[in-house]
Amino acid sequence: MTDVELSLDACIKCNICVSYCPPAKVTDLFPGPKYAGPQAQRFRSPRGPSPDASVDYCSGCRVCNLVCPAGVRIAELNAKARARMYRDRGGVPLRNRLLGRSELLGRLAHPVAPLANYLLHNPISRWLADAWLGIDRRAPLPRFSLHTFPGPVRSKWSPASNPRRRVVYFHGCATRYYEPWIGRAAVAVLERNGMEVVIPPQNCCSLPMLSNGEFDAARRYYDGNLRTLAPLAEAGCEIVGTSTSCTLTLKEEAPDLLEADSDAGRLVAASTSDICEYLVRLHEAGALDTAFRPLELSVLYHAPCQLNAHRVGHPAADLMRLIPGLTVIESEHPCCGIAGTYGLKKEKYAIGMAVGQPLFDRVQQSGARLSVCDSETCRWQIVHGTGLPSVHPIEILAWSYGLGEPLAIRKG
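Residues numbered from 1 in each chain as written. Predicted model: local features only at pLDDT ≥ 70, side-chain atom pairs only at ≥ 80, totals over all residues. Heavy atoms only, no water.

(A) View of the overall build of the protein. For the protein, the helix and strand inventory stands at 23 helices and eight strands. Computed over its C-alpha atoms, the radius of gyration of the protein comes to 21 Å, within 12% of the 22 Å expected for a compact globule of 412 residues. Over its C-alpha atoms, taken along the principal directions, the protein stretches across nearly 60 × 45 × 45 Å. A burial count over the protein gives 57% of its 412 residues as buried. When contacts within the protein are restricted to residue pairs at least 6 apart in sequence, those whose partners lie at least 24 apart make up 75%. Accessible surface, the protein: about 17,400 Å² in total, of which carbon and sulfur atoms supply 54%. (Helix = DSSP H or I, 4+ residues; strand = E, 2+ residues; numbered from the N terminus. Rg over C-alpha atoms; globule rule 2.2 N^0.38 Å. Buried < 20%, exposed > 50% of the residue type's maximum accessible area, 1.4 Å probe, protein only. Contact = heavy atoms within 4.5 Å. Areas by Shrake-Rupley, 256 points an atom, 1.4 Å probe, with all protein chains shown as cover.)

Okay, here's the thing in structure tokens:
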């Protein structure tokens, strides 16, 4: 048995995971983490019945893992059970395969982004996708960018003359194909702090495939990233990312779910940080440029589930509080409800919106001009639920450094 499977024996049946589970609070379709996870896992065997379909209503937010006093890997147990359920029932549905291919979709659509966005977002296409594929017609799908990040200039690297000043940037699919301005802000902030930023060739982090039960495909993407990132980590470079989901996948999710225990995987995991986590470490070492310009406004900051799973606190909030004049209000809600691709699915859209409603109310009642969040899919969900703009914290830091106003602010 793997470490994930062995952890179920530590379950003391206290039910705290059920009381904190965001989906279980709003729907009876998911019995709760304890029942779908450790309790059900005790009766599963390779030749036994397929896992119950209710496990598919686990959003994978990891709130259960965080509150479990015994350290049971509940979210991972559920993800593995979901993958087996699909395998036993004829394979992963076409919808899930499409939603798990954010990199492929971006690669195909960005050269014709205006046409792709028209086809993706017009009411007829959304109705057809809803009826034929099960992608809810109201769900917040992103828009492709005609210009991708980073472009060809920064795609190479050479051995470091001073590895301590060299940082590898893992931008992820969202920055490459949907929000390239976040990558530009990240590079500008890192260079402002004296870093040489290396952007090697990279794949999707593989989380969309892991979340949708496609473990074999996820393994190919994960292995591809190890081939380019491990030599850089071995050369002494730290790896930072602006997507908390991508960095968590490199740190934990892919190695744990794929049972991929390798020297390269351990090295990449140990070298990877969320970008704000990395900048806070610079600040604690006295190496962060704190010459921030005042920003006289209030922002509502939401720490996404995937950031909380890093167990590093809320480094983005800590950094933004260094900016004179900026008031940072924390959401104090565990989940926006989107959970990657979970809230895009027709049978789960209403669950995701119900999970996120307390957060949407908090944003609208805070009086803040905009919300700030580290996760791309959470930002899209918050904008969908509130109508207010949402930006990445690195855009706030870049703005305060005088390196450019966030695009969402410029658009009004």
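Additional details are given in the paragraphs that follow.
(B) Highlighting the sheet that holds strand 2 (residues 196–198). In spatial order, the strands read 2-1-3-4; together these four strands make up an open sheet with parallel pairing. Looking at strand neighbours, the two that pair on one side only are strand 2 and strand 4 (272–274), the edges of this open sheet. Taken over all neighbouring pairs, the strand axes of this sheet differ in orientation by 35° on average, direction set aside. Lying on the sheet, helix 12 (residues 180–192) is in contact with strand 1 (166–170), strand 2 and strand 3 (238–241); it crosses strand 1 at an angle near 170°. Together, strand 3 and strand 4 form the strand contacts of helix 16 (residues 263–271), whose direction differs from that of strand 4 by roughly 30°. (Pairing = 2+ DSSP bridges. Axes fitted to C-alpha atoms, helices over the stretch in contact; angles between N-to-C directions.)

(C) Local environment of the packing of helix 12 against helix 22 (residues 393–400). One can describe the packing of helix 12 onto helix 22 by two numbers: an axis separation of 9 Å at closest approach and a directional angle of 55°. On the basis of their axis angle, the class for helix 12 and helix 22 is oblique. Crossing angle aside, the handedness with which helix 12 passes helix 22 is left-handed. The residues of helix 22 that touch helix 12, namely those facing Trp181, Ile182, Ala185, Ala186 and Val189, are Ile394, Glu395, Leu397 and Ala398. In terms of residue class, the contact of helix 12 with helix 22 is made up of eight nonpolar, no polar and one charged. (Parallel < 35°, antiparallel > 145°, perpendicular 65-115°, else oblique. Left-handed = near helix turned anticlockwise from the far one by under 90°. Nonpolar A, V, L, I, M, F, W, Y, C, P; charged D, E, K, R; others polar.)

(D) Highlighting the environment of Tyr178. With respect to the helices and strands, the residue Tyr178 is situated in helix 11 (residues 172–178). Sequence spacing of Tyr178 and Lys34 is 144 residues, and the spatial spacing of their C-alpha atoms is 37 Å. Tyr178 has contacts with Ser102, Gly106, Pro142, Arg143, Phe144, Ser145, Cys173 and Trp380, leaving out every residue within four places of it along the chain.

(E) Representation of the pattern of salt bridges. Tallied over the entire structure, the rule returns 27 salt bridges. A salt bridge links Arg82 to Asp56, with the nearest nitrogen and oxygen atoms 3.1 Å apart. With Arg82 in helix 6 (residues 74–88) and Asp56 in the loop between helix 4 (33–41) and helix 5 (63–67), the pair connects residues that are 26 residues apart, well separated along the chain. Each member of the salt-bridge network shares a partner with another, and the members are Arg62, Arg73, Glu76, Glu252, Glu253, Asp256 and Arg311. (Salt bridge = Lys/Arg side-chain N within 4 Å of Asp/Glu carboxyl O.)

(F) Expanded view of a nonpolar patch on the surface. A contiguous nonpolar surface patch, about 410 Å² in accessible area, is contributed by Val112, Leu115, Tyr118 and Leu119. For Val112, the location among the structural elements is in the loop between helix 8 (102–109) and helix 9 (113–121). On the accessibility criterion, Val112 (41% relative accessible area) is partly exposed. (Patch = residues over 30% accessible without salt bridge, like charges linked within 9 Å, V, L, I, M, F, W, Y side chains within 5 Å.)

(G) The arrangement of the packing of aromatic side chains in detail. Per the counting criterion, the structure on display carries four aromatic pairs. With a centroid separation of 5.7 Å and an interplanar angle of 75°, the aromatic rings of Phe149 and Tyr169 are classed as edge-to-face. Taken as a pair, Phe149 in the loop between helix 10 (123–133) and strand 1 and Tyr169 in strand 1 lie far apart in primary sequence, 20 residues in all. The pair Phe149 / Tyr169 is uniform in exposure class, with both members buried. In this structure, Lys348 packs its charged tip against the face of Tyr57, placed 5.3 Å from the ring centre. (Phe/Tyr/Trp six-rings, centres within 6.5 Å; stacked < 30°, edge-to-face > 60°. Lys NZ or Arg CZ within 6 Å of the ring centre and 35° of its normal.)

(H) Quick peek at the side chain of Arg166. Its location among the elements puts Arg166 in strand 1. Judged by its relative accessible area of 6%, Arg166 falls in the buried class. Looking at Arg166, its side chain comes within polar contact range of the side chain of Glu196, at 2.8 Å. (Polar contact = N/O pair within 3.5 Å; in protein donor to acceptor, adjacent residues only side chain to side chain.)

(I) Quick peek at the sheet that holds strand 6 (residues 326–330). Spatial ordering of the open sheet is given by 6-5-7-8, a layout of four strands whose pairing is parallel. Only two strands of the sheet have a single neighbouring strand rather than two, namely strand 6 and strand 8 (390–391). When strand 7 (residues 370–373) meets strand 8, the two strands line up parallel, connected through two bridges. In the sheet register, Ser371 faces strand 8, and the bridge partner there is Ser390. Seen against the sheet, helix 20 (residues 349–366) touches strand 5 (297–302), strand 6 and strand 7 and runs at an angle of roughly 170° to strand 5.

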